[in-house]
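# Structural description and commentary
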Amino acid sequence: MPMRTLVFQGYMWGYILSKANKSFAINRLNKAGKNREKLALMDKIILKCTNKLIKISGADLSVTGTENIPLNEPVLYVANHQGHMDIPILYSTAPQTMAFVAKKEMEKIPLLGFWMKERGCVFIDRGNARNSLKAINQAISSLKAGHPIAIFPEGTRSKGPEIGDFKSGSLRIALKAGVKVIPVSFKDSYKLIGKKGWNKPAKVSVHYSDPIDSSDFKDTGELAEEVLTQIKKHL
């Protein structure tokens, strides 16, 4: 295994383990009803980790369009999904921190699942209709409460330059919450992870497109088509 991959994996899991004691502080803030303080603490810790992981990965980032994002309101970030590094890159480069809609399996990972849940991430089981509806409603409630959310409508990594099946139903979150959508284009992030799962340096570009007002659309299909069009413009 290449040294870069060993350092990457070692740092990530070592960092998560080193912050296990912070769960006590998180639980105390939960009991005191201090959600804003809890999120601020978590964001500080998570950003330190994601920024370091990006550096270790060898990602040469080009980030554009952040000036397009309204900072005084919650938005739904909708991105294509090329590789494992998309989440830390999005978390570190967007001017707002956010929770993610993630697959159910992520919740079961020791420590990481706890951190994701406490940060407000929504776990969805696409094979369970009732669970999916519950997760979508949870995301809608979070947005209405003022917390940005990010989602990858492909549902899984494409591991290449192409875009997989774009599930328009996920855009129901924006329509029901009445928030703007920020299309996010990841270009070449898949190159950061080789075919054997090894980390390698690569130039990666991330573009944040102009906000799309979900209230201008009647259904998820039309909204998804416009979002996808904007994402493809910068690939």
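### Focus on the pattern of salt bridges
According to the stated counting rule, one finds 5 salt bridges in the structure shown. With a shortest N-O distance of 3.1 Å, K38 and E118 are connected by a salt bridge. With K38 in helix α3 (residues 35-57) and E118 in helix α5 (residues 112-118), the pair connects residues that are 80 residues apart, well separated along the chain. Of the two residues examined, K38 and E118, each falls in the buried class. The partner of E73 in a salt bridge is K180, and the shortest N-O contact between them spans 3.1 Å. Here E73 is found in the loop between β1 (59-64) and β2 (75-79), whereas its partner K180 is found in strand β6 (residues 180-187), with 107 residues between them in sequence. Judged by relative accessible area, which is 25%, E73 ranks as partly exposed.

### Observations regarding the nonpolar core
Counting 65 residues, the largest nonpolar core has L76, Y77 and L90 as its most contacted members. Among the elements that take part in this core, α3 stands out by supplying 7 residues, more than any other.

### What about the confidence of the model for the protein?
In this model, the protein carries a mean pLDDT of 93, and residues with pLDDT of at least 70 account for 99%. Within the protein, β6 carries the highest mean pLDDT (98), whereas helix α6 (residues 129-144) carries the lowest (90).

### A closer look at the layout of surface pockets
Here the largest pocket defines a volume of roughly 1200 Å³. Together, 41 residues line the largest pocket, and I87, P88, M106, L112 and M116 are the ones closest to its centre. Elements that contribute at least two residues to the lining of the largest pocket include exactly α1 (3-18), α3, α4 (86-93), β3 (99-103) and α5. With 6 residues, the top contributor of residues to the lining of the largest pocket is α1. By residue class, the composition of the lining of the largest pocket is 27 nonpolar, 9 polar and 5 charged.

### Here's the deal with the environment of P74
Note that P74 resides in the loop between β1 and β2. Residue P74 is classed as buried on the basis of its relative accessible area of 18%. Expressed as a C-alpha distance, the spacing of P74 and I149, which sit 75 residues apart in the sequence, is 7.8 Å. Beyond its immediate chain neighbours, meaning those up to four positions away, P74 contacts L143, G146, H147, P148 and V179.

### Observations regarding the state of the cysteines
A covalent bond between the sulfur atoms of two cysteines is what we call a disulfide. Inspection of every chain in the model, using the stated rule, returns 0 disulfides. Not part of a disulfide, C49 finds its nearest cysteine sulfur in C121, a span of 13 Å. We classify C121 as buried; its relative accessible area is 6%.

### Remarks on helix α2 (residues 22-31)
Turning to α2, its buried residues number three or more, namely S23, A25, I26 and L29. Projection of α2 onto a plane perpendicular to its axis shows the buried side chains occupying an angular sector of 160°, all on one side. Opposite the buried face of α2, at more than 90 degrees from it, the exposed residues are F24, R28 and K31. One or two steps after α2, the chain reaches G33, where phi turns positive at roughly 70°.

### Concerning unusual backbone geometry
The backbone of L111 sits at a positive phi, close to 65°, despite the residue not being glycine. Tracing the sequence through the fold places L111 in the loop between β3 and α5. We classify L111 as partly exposed; its relative accessible area is 30%. Of note, D188 is a non-glycine position whose phi angle comes to about 70°, a positive value. Tracing the backbone shows D188 in the loop between β6 and β7 (202-208).

### Comments concerning α6
Over its 16 residues, α6 extends 23 Å from the first C-alpha to the last, a length consistent with the 22 Å expected when each residue adds 1.5 Å. The complete set of buried residues in α6 reads N131, S132, A135, I136, A139, I140, S142 and L143. The N-terminus of α6 is capped by N128, whose side-chain oxygen sits 3.1 Å from the backbone nitrogen of R130. Count one or two residues on from α6 and you reach G146, which has phi positive near 100°.

Thresholds, definitions, all that
Residues numbered from 1 in each chain as written. Predicted model: local features only at pLDDT ≥ 70, side-chain atom pairs only at ≥ 80, totals over all residues. Heavy atoms only, no water. Salt bridge = Lys/Arg side-chain N within 4 Å of Asp/Glu carboxyl O. Helix = DSSP H or I, 4+ residues; strand = E, 2+ residues; numbered from the N terminus. Buried < 20%, exposed > 50% of the residue type's maximum accessible area, 1.4 Å probe, protein only. Core = buried A, V, L, I, M, F, W, Y, C linked by side-chain atoms within 4.5 Å. pLDDT = per-residue confidence, 0-100. 1 Å grid on protein atoms, 1.4 Å probe; cavity = no way out; pocket = protein on both sides within 12 Å on 5 of 7 lines; lining within 4 Å. Points joined across faces, edges and corners; volume = space filled by probe spheres on them. Nonpolar A, V, L, I, M, F, W, Y, C, P; charged D, E, K, R; others polar. Contact = heavy atoms within 4.5 Å. Disulfide = S-S within 2.5 Å. Arc of directions from axis to C-beta. Expected span 1.5 Å × (residues − 1). Polar contact = N/O pair within 3.5 Å; in protein donor to acceptor, adjacent residues only side chain to side chain.

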